[in-house]
Amino acid sequence: MSVSANISVEAPIENQIQEIAYDGTEIYQLPPTLSEHLAKCAAKIDFSKTANDIDLVQQSIKKEDEKRSAEDESKESAAHFQSSLWPWDSVRNKLKEAYTEVCVLSDVLSIAKEKRFMVLDPIPQDPPEVKPMVQVYARKKALASAANILLTGAERLKTAHSEQGGGGNRSTSDFHIELLKLRRNWRLKKVSNTIIGDLSYRTAGSRFMHPGMFEVTKAEEEDNSEETPAAGVPGAAVGAVPGPKTNCALRVNVPTELQGVAFIKVITKKDEGDLCTATFNMFGMKQLCQPAKPTWQQTLEFAQNVLFCKELFNQLAREAVQLQAPIPHVVVGNQIRATLLPGIQLIISLYHSTSSDTNSSPEQIKDHDHILEHSLHQLLREFHHKNIHHPFPHPASAPLGPSKKRTLAGPSAFDRYELLEMTKSQTLLEQIIAQAQHIFIRRRAEYVLDTLARDVKDPLITSHWNAMNSPTMSCVKINITSHGYDANLRTSLVIHVKERSLKCICRDGRIMHMSYEMQELRDLILTQISQHQIVCLQNLAKCMAWQILSNSSNLGIGSVEPLGNANSCVLASPNSDRLIAVQWRCDPQIAVKVYIAQSPGKDFFPGSLVQGRHWEHLGGHFKEVRFDKMEGKNFHNKMEFLMASLMSQS
């Protein structure tokens, strides 16, 4: 009797070994997924076996098409006079077929994307046969090629070092060393095998349209051996005195408009005389002359100086045309003329010379203003700094909004006037004009104070100018004292010298505003001198027990002067038998008059109309004292002697 049993045949559990490590670890290949297994089975199908079936189907389709074409021809012969219903029928059919194919492709892509029915994974290939010796030989070959490259580079370095130490041709090595030095201080980039540098200030916020590009090339050997400057180097003049021989392997070619020497000269002129001058360039007055054979560093520095001066002058000229001044500014060629005060002009000139044989340096300036020169040097740099350093907070990429001060306008409750003041800003030309006006007024104020201190011997006038001043305002403190009587009285006043006006602050708190006319300052100082003398005399009289009967700072006696006034005071002795009257005029010529009177009067004669001896105690007639003949160092010393002598006679 036969017994049947079901036997199941299964694949071995172990997978194919993919790699065996050096320590004996075996790495197995992972079993394929269902999609990989399906794709592998589909790859084994031979589609060439169904070619006959496909031919039979195509033949049947052709027969059906022939039948249809025959029927169509019969219909056309029956109704040959009827044309096609729509001439674009064939185009529509083709578009319909294309639309159908696109829809099918879309469905296939959607199914593949959802990964529910079809997975478009790559078919895993059988792992290639690993041959360890082949890999060893390949690695040895790669290491040999890398070692060959390193040895070749080392040989080149040794050759270059030996040539440099032995005094051979060092043009290549020198060129790279010089190029390294050039790259440390200047911006360079390589454009189509050409090294191009940039001299402009665009990274600093400049808006000047000049490119400021220069070219860096390797100097030829014959250029290094020649003593004359190379062609294309600025400052190459025919017949120039040859300088010391320099082996420079680098040559810099700058544009023609940036070659030579440039500087800006500012002159404050009244009529035909120069009141104040200043010469400006990037390096100061001592580097205004270019050498006959400059190095590449000097060439670039002079080119950048030309660019800087041209940018500053261009900005000033543009502002001079746009500003609406009471007296319009004039821009003619390389010169800008602006009116500071009536009869005083500010002239800004740009000087640019492209040849070194001409004397491009300015003449020796006797009255050079270093403050104006420093201000000119800083104005454009501050303009560049403001263009790239905006006050925080500000967005990183969006357009800049209002400043920090304007953002606080709402919480601070600013009014319309304060908002308008925040929007105002001075241009470069306005700042230069303001500083020039201040310099002119300050010089005139210094001259007036020095002249008064020289001419007026009594009292003493000392001026102390503050060292820490702003470019448009200076401060001077004036002390008026009498020699030997400093503790008695010291008159102090402070004067603020601004752009077009003066402001005086007295010791008692009074504030007086004056214009730029220096005659007003002179009258003010003379008035303060007369008041000081009278007040100091009163303090001296109090110390000597004399009585002050009257005091007037505007005495209406004597001849009427166009300028100045008169101060006076009347003093009485302790016994009231002696009187002193002092008159001090503060006109352009200081005049002091002193009168004395005594009682009882010697010329009193009683009569029928005047009865009684008490009338003789009234003050008698005043007699003038020859004050200039009296002994004493100054006015107060003479008055002290006079009061002492009158008290001894009483």
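Just so we're clear, the structure is a prediction, and the values are computed from it rather than from any experiment.

Here is what the cut-offs are and how they apply
- Residues numbered from 1 in each chain as written.
- Predicted model: local features only at pLDDT ≥ 70, side-chain atom pairs only at ≥ 80, totals over all residues.
- Heavy atoms only, no water.
- Helix = DSSP H or I, 4+ residues; strand = E, 2+ residues; numbered from the N terminus.
- Buried < 20%, exposed > 50% of the residue type's maximum accessible area, 1.4 Å probe, protein only.
- Contact = heavy atoms within 4.5 Å.
- Areas by Shrake-Rupley, 256 points an atom, 1.4 Å probe, with all protein chains shown as cover.
- Polar contact = N/O pair within 3.5 Å; in protein donor to acceptor, adjacent residues only side chain to side chain.
- Phe/Tyr/Trp six-rings, centres within 6.5 Å; stacked < 30°, edge-to-face > 60°.
- Salt bridge = Lys/Arg side-chain N within 4 Å of Asp/Glu carboxyl O.
- Pairing = 2+ DSSP bridges.
- Axes fitted to C-alpha atoms, helices over the stretch in contact; angles between N-to-C directions.
- Parallel < 35°, antiparallel > 145°, perpendicular 65-115°, else oblique.
- Nonpolar A, V, L, I, M, F, W, Y, C, P; charged D, E, K, R; others polar.
- Left-handed = near helix turned anticlockwise from the far one by under 90°.
- Core = buried A, V, L, I, M, F, W, Y, C linked by side-chain atoms within 4.5 Å.

1. Some thoughts on the overall build of the protein
Okay, so step 1: When helices and strands are tallied, the protein shows 14 helices and 21 strands.
Okay, so step 2: By the burial criterion, 31% of the 650 residues in the protein qualify as buried.
Okay, so step 3: Restricting the contact set of the protein to residue pairs at least 6 apart, pairs at least 24 apart contribute 57%.
Okay, so step 4: Summed over all atoms, the accessible surface of the protein reaches about 43,700 Å², with 56% contributed by carbon and sulfur.

2. Observations regarding the side chain of His210
Okay, so step 1: By the secondary structure assignment, His210 is in the loop between strand S4 (194-198) and strand S5 (213-218).
Okay, so step 2: Reaching out from His210, the side chain makes a polar contact with the backbone nitrogen of Gly212 at a distance of 3.0 Å.
Okay, so step 3: Of the polar contacts made by the side chain of His210, one reaches the side chain of Glu257; its length is 3.1 Å.
Okay, so step 4: In contact with His210, other than residues within four places in its own chain, are Ser200, Arg202, Glu257, Leu258 and Leu307.

3. Things to note about the packing of aromatic side chains
Okay, so step 1: Summed over the entire model, instances satisfying the criterion amount to three aromatic pairs.
Okay, so step 2: Ring geometry for Phe263 and Tyr351: centres 5.1 Å apart, planes at 15°, overall stacked. Highlighted residues: Phe263 in strand S7 (residues 261-270) and Tyr351 in strand S11 (residues 344-353), separated in sequence by 88 residues.
Okay, so step 3: Here Phe263 falls in the buried class, since its relative accessible area comes to 4%.

4. A closer look at unusual backbone geometry
Okay, so step 1: Of note, the bond from Asp458 into Pro459 is cis; its omega dihedral lies within 30 degrees of zero at 5°.
Okay, so step 2: Tracing the chain through its elements places Pro459 in the loop between helix H12 (428-455) and strand S12 (460-465).
Okay, so step 3: One non-glycine residue with positive phi stands out, namely Ala413, at about 60°.
Okay, so step 4: Secondary-structure assignment places Ala413 in the loop between helix H10 (409-412) and helix H11 (416-423).
Okay, so step 5: The phi angle at Ala545 is positive, at roughly 70°, despite the residue not being glycine.
Okay, so step 6: Tracing the chain through its elements places Ala545 in the loop between helix H13 (518-543) and strand S17 (547-552).

5. Considerations on the pattern of salt bridges
Okay, so step 1: Enumeration over the complete set of coordinates arrives at four salt bridges.
Okay, so step 2: In this structure, the salt-bridge partner of Asp508 is Arg510, at a minimum N-O distance of 2.8 Å.
Okay, so step 3: Note on Asp508: relative accessible area 53%, which makes it exposed.
Okay, so step 4: We classify Arg510 as partly exposed; its relative accessible area is 39%.
Okay, so step 5: Here Asp577 and Arg578 are joined by a salt bridge, their closest N and O atoms 3.7 Å apart. The same class applies to Asp577 and to Arg578, which are both buried.

6. Focus: the sheet that holds strand S19 (residues 578-585)
Okay, so step 1: Within the open sheet, the five strands sit side by side as S17-S18-S19-S20-S21. Their pairing is antiparallel. Each having just a single partner strand, S17 and strand S21 (623-625) make up the two edges of the open sheet. Ignoring strand direction, the axes of neighbouring strands in this sheet form an average angle of 20°.
Okay, so step 2: In this sheet, strand S20 (residues 591-598) lies alongside S19 in antiparallel orientation, the contact comprising eight bridges.

7. Here's the deal with the sheet that holds strand S14 (residues 491-497)
Okay, so step 1: Across the sheet, five strands lie side by side as S12-S13-S14-S15-S16; this open sheet has antiparallel pairing. A strand with exactly one partner marks an edge of an open sheet, and here the two such strands are S12 and strand S16 (511-515). Between one strand and the next, the sheet's axes are offset by a mean angle of 20°, whatever the strand orientation.
Okay, so step 2: Along the sheet face, H12 touches S12, strand S13 (474-481), S14 and strand S15 (501-506) and points at about 155° away from the line of S12.

8. Some remarks on the pairing of strand S1 (residues 17-20)
Okay, so step 1: Where S1 lies against strand S2 (residues 26-28), three bridges are found, and the strand directions are antiparallel. The residue bridging Ile17 from the neighbouring strand is Tyr28, located in S2.
Okay, so step 2: Count of turn residues in the S1/S2 antiparallel hairpin: five residues, of which Gly24 carries a positive phi of about 90°.

9. What about the environment of Leu250?
Okay, so step 1: Tracing the backbone through its elements, the reader meets Leu250 in strand S6 (residues 250-253).
Okay, so step 2: For the pair Leu250 and Lys218, spaced 32 residues apart in sequence, the C-alpha separation works out to 5.0 Å.
Okay, so step 3: Setting aside its immediate chain neighbours within four residues, Leu250 contacts Phe175, Glu178, Leu179, Leu182, Val216, Thr217, Ala219 and Trp296.

10. Quick word on the packing of helix H7 (residues 296-322) against H12
Okay, so step 1: With their axes 8 Å apart at the nearest point, H7 and H12 run at an angle of 90° to one another. Our classification of the angle between H7 and H12 gives roughly perpendicular. Facing H7, whose interface residues are Leu312, Gln315, Leu316, Glu319 and Ala320, H12 presents Leu428, Leu429 and Ile432.
Okay, so step 2: The residue inventory of the contact of H7 with H12, partitioned by class, reads six nonpolar, one polar and one charged.

11. Quick word on the packing of H12 against H13
Okay, so step 1: The interhelical angle for the contact between H12 and H13, taken along N-to-C directions, is 35°, at an axis separation of 10 Å. Read as a crossing pair, H12 and H13 show a hand that is right-handed. Residues Ile441, Arg444, Ala445, Val448, Leu449, Thr451 and Leu452 of H12 touch H13, and the partners they reach there are Met518, Leu521, Arg522, Ile525 and Leu526.
Okay, so step 2: Partitioning the contact of H12 with H13 into residue classes produces nine nonpolar, one polar and two charged.

12. Section: the nonpolar core
Okay, so step 1: Formed by 99 residues in total, the largest nonpolar core has its most connected members in Ile348, Ile525 and Ile580.
Okay, so step 2: Contact partners of Ile525, with chain neighbours within four places excluded, come to Leu449, Leu452, Ile461, Ile478, Leu493 and Ile495.

None of the figures reported here should be taken as evidence of function without further support.
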